[in-house]
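# Analysis of the macromolecular model
Next come the chains, spelled out residue by residue.
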Amino acid sequence: MNTAGPADVPARMGLQLTPFRGLRYDPDRVGGLAAVTSPPYDVIVRPDGLIHLESADPHNIVRLILPQAATPSIRNEQAADTLDDWVSQGILSADPEPALYVYEQRDTTGHLQRGVIGALRLSEPSEGVVLPHEDVMPHVVADRAALMRATSANLEPLLLTYRGDEPASASGTSAVVERAAGRPPLLSTTTEDGFSHRLWAITDPAELAGIQSDLAQHQALIADGHHRWATYLRLRAEHPSPSPWDHGLVLLVDTARYPLRVRAIHRLLHGLPVAEALTALEGRFRVRHLPTSLPEALTALAEAATAGNAFLLAGDGTFHLVDRPDQALLTRTIPADRPQAWRTLDATVLHATLLDHIWHIPEDSPAHIAYIHDTAATVEKAEQDGGTAVLMHPVREEVVRDLARQGVTMPRKSTSFGPKPASGLVLRTLTP
C-alpha cells in the first residue's frame, strides 16, 4: 500500500473520508464572506485581533470558535445559542446533499494550495492511519471538547497532509481536484490578508468514489490541529458507536503536489524580564546582543541555526542571540530515550533545558507562557508586558516526517504548517 505524509509503514485501513452536508453562510445574509471568516482559533492571540474580527460582521465565525463571556460554561452556552440562532435565521444553512469539498487558497505571491474537506473516520495513532507529530496540552483539549459538546459541531477543519501517487490516477483525488478547479466555484472570496479562497462541492457519485478509493490507500500527517484531533478522539469515546462523533472535519492536502510551508511558533514568557532570563544563561549558552531590526535579527537566527540550537530573545527593545549551549548541560537535562533527531530539536532544548531546568517555567501554564505564531506580535507583547519573547527558527519538514514515522511526538507547538484553512467557509453539524 502506498503511504501518505511521512510514514513508510502501510496503513491498515487507510483514510476513510465521508461526504457531509456542509453548513455554510448565506452570502446574502452577511456583509460578505470575507467579513465572517477568521484564522483558526489558536492563531488569534491578540485581543485587538479578536475585537477586529467581531466588529467586521456581527456574524463572524469568531463568535463561535472563541466566544467571549465571564466563564467557560457561559462562553460555550453562548456559542451553542448563537449557532442555533444563526441556523434558525438562515444565516447559516446546510447544503442540500452530502458532499466532499475541494478547497483552494492562493496568496499574494501566487502560492497555491488545494485539498479536499470531508468527515474523516477517527483513528488512534497506533492504527497508523493519522499520525500526530506534537504533544498536546490537556487544558486546551478540555476547552475545545467543552465547546464541541455544547455546539455539537465541528466548527473548523483540521489540516492534514498526505502524499499522492505518481503518476496520479485519472479517477483519483488529484484528478477530481483539478477538474473541480476548472468549474465555477460554490463560493469565492478574498480575505484581508490577501488570500483568495474558492470552494467546490463534489456530489457526483463517480467522483466521490474515486476520491474515497484513492484515499483509502493512504495515511496522513496532522499538520495543524493536534488539539482538535485529540478532542475528536475524546468526544468519540463519549458517544456509543456508530455515531456522527466517529468522524471529524478535516482538510486533506496532497503535499506531493501542493507543498506546505513550515514556520515556527514562538513563546512569550510572562513575568520573566529579559535581563533576568539572560543572567540565568551566563556560562550555559553564548549570548550576543544584536542592535538590529527584527528582519536582520531573524536572519542572524537562521544563520546560527545551521550550526546548532539557537534562539532569539526580545522584549527589552533589542534582540539577543542565544546559541552554542553547553553540551554537558544538554546531556544532563535532555532525556536520552529518544532519537537523536528529537534530542537536538530547538523545541526540545527550549523545553527540557531552558524552560524546565534554567528558567523553571511550566510549559502548560497559560499564566506563565503563551504560544504565538506571529513574530512581530510576540516581540510587541513582550515589550508591553515586560516579559521575554523567545523566537524560534522553523524545523525542517523532513525532520517532522521522520519523527512521525518513528511514532515520536515533538514538543508541543513545535511547528506551524500553512497556509491554514480559513474558519467559517464550511462547518459540520453532528446533530440530525
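Since this is a predicted model, take the numbers as computed values, not measurements.

Rules used throughout
Residues numbered from 1 in each chain as written. Predicted model: local features only at pLDDT ≥ 70, side-chain atom pairs only at ≥ 80, totals over all residues. Heavy atoms only, no water. Core = buried A, V, L, I, M, F, W, Y, C linked by side-chain atoms within 4.5 Å. Buried < 20%, exposed > 50% of the residue type's maximum accessible area, 1.4 Å probe, protein only. Contact = heavy atoms within 4.5 Å. Salt bridge = Lys/Arg side-chain N within 4 Å of Asp/Glu carboxyl O. Helix = DSSP H or I, 4+ residues; strand = E, 2+ residues; numbered from the N terminus. Pairing = 2+ DSSP bridges. Phe/Tyr/Trp six-rings, centres within 6.5 Å; stacked < 30°, edge-to-face > 60°. Lys NZ or Arg CZ within 6 Å of the ring centre and 35° of its normal. Patch = residues over 30% accessible without salt bridge, like charges linked within 9 Å, V, L, I, M, F, W, Y side chains within 5 Å. Areas by Shrake-Rupley, 256 points an atom, 1.4 Å probe, with all protein chains shown as cover. Lys, Arg positive; Asp, Glu negative; His and termini not counted. Charge placed at Lys NZ, Arg CZ, Asp CG, Glu CD. Polar contact = N/O pair within 3.5 Å; in protein donor to acceptor, adjacent residues only side chain to side chain. Axes fitted to C-alpha atoms, helices over the stretch in contact; angles between N-to-C directions.

### Some thoughts on the nonpolar core
- Counting residues in hydrophobic clusters, the biggest one holds 114 residues, and the most contacted among them are Trp229, Phe311 and Trp359.
- Ignoring anything within four residues of it in the chain, the contact list for Trp359 reads Leu269, Leu272, Ala277, Ala280, Leu281, Leu313, Leu350, Leu354 and Val390.
- Judged by nonpolar contacts, the second largest core, of 19 residues, contains Ala297, Leu312, Leu321 and Leu391.

### Re the pattern of salt bridges
- Within the structure shown, the criterion is met by 18 salt bridges.
- Arg183 is paired through a salt bridge with Glu207; the nearest N and O atoms lie 3.5 Å apart. One end of the pair, Arg183, is in the loop between helix H6 (173-181) and strand S9 (187-190); the other, Glu207, is in helix H7 (residues 205-215), with 24 residues separating them in the sequence.
- Taking the relative accessible area as the measure of exposure, Arg183 reaches 33% and is therefore partly exposed.
- Look at the salt bridges and you will find they share partners, linking Glu104, Arg114, Glu178 and Arg198 into a network.

### Here we look at the pairing of S9
- Where burial is concerned, the two faces of S9 differ: the one with Leu187 and Thr189 is buried and the one with Ser188 and Thr190 is not.
- In the sheet, S9 pairs with strand S10 (residues 196-202) via four bridges, with the strands oriented antiparallel. Residue pairing for S10: Leu187 is matched across the bridge by Leu199.
- Between S9 and S10, which pair antiparallel one after the other, the connecting turn spans five residues, and Gly194 there sits at a positive phi close to 95°.

### Re the packing of aromatic side chains
- Tallied over the entire structure, the rule returns three aromatic pairs.
- Ring geometry for Tyr25 against Trp86: centres 6.2 Å apart, planes inclined by 50°, an arrangement best described as tilted. With Tyr25 in strand S2 (residues 23-25) and Trp86 in helix H4 (residues 72-88), the pair connects residues that are 61 residues apart, well separated along the chain.
- Sitting over the face of the ring of Tyr41, Arg144 holds its NZ or CZ atom 4.0 Å from the ring centroid.
- In this arrangement the basic side chain of Arg338 is found over the ring face of Trp342, its NZ or CZ atom lying 4.5 Å from the centre.

### Things to note about a negative patch on the surface
- Taken together, the side chains of Glu77, Asp81, Asp84 and Asp85 make up a negatively charged region of the molecular surface.
- Mapped onto the fold, Glu77 is located in helix H4.

### Quick look at the environment of Thr415
- One can find Thr415 in the loop between helix H15 (397-405) and strand S20 (416-418).
- A sequence separation of 120 residues divides Thr415 from Pro295, and the C-alpha atoms of the two residues are 20 Å apart.
- Non-local contacts of Thr415, meaning those with residues more than four positions away in its chain, are made with His133, Glu134, Val262, Arg263, Ile265, Val395, Val400 and Met410.
- Within the local environment of Thr415, its side chain forms a polar contact with the side chain of His133, the two groups lying 2.8 Å apart.

### Regarding the sheet that holds strand S19 (residues 388-391)
- Ordered in space as S15-S17-S16-S19-S14-S18, the six strands form an open sheet in which the pairing is antiparallel. A single partner strand is all that each edge strand has here, and the edge strands are strand S15 (286-290) and strand S18 (369-372). Going from strand to strand, the sheet's axes swing by 25° on average, the running direction of each strand aside.
- Pairing of strand S14 (residues 266-269) with S19, which is carried by three bridges, proceeds in the antiparallel orientation. Opposite Arg267, over in S19, you have Val390 as the bridge partner.

### Details of helix H14 (residues 375-385)
- Three or more residues of H14 are buried, namely Thr375, Ala377, Thr378, Val379, Lys381 and Ala382.
- Near the N-terminus of H14, the side chain that reaches the backbone nitrogen of Ala376, with its oxygen 3.3 Å away, is that of Asp374.

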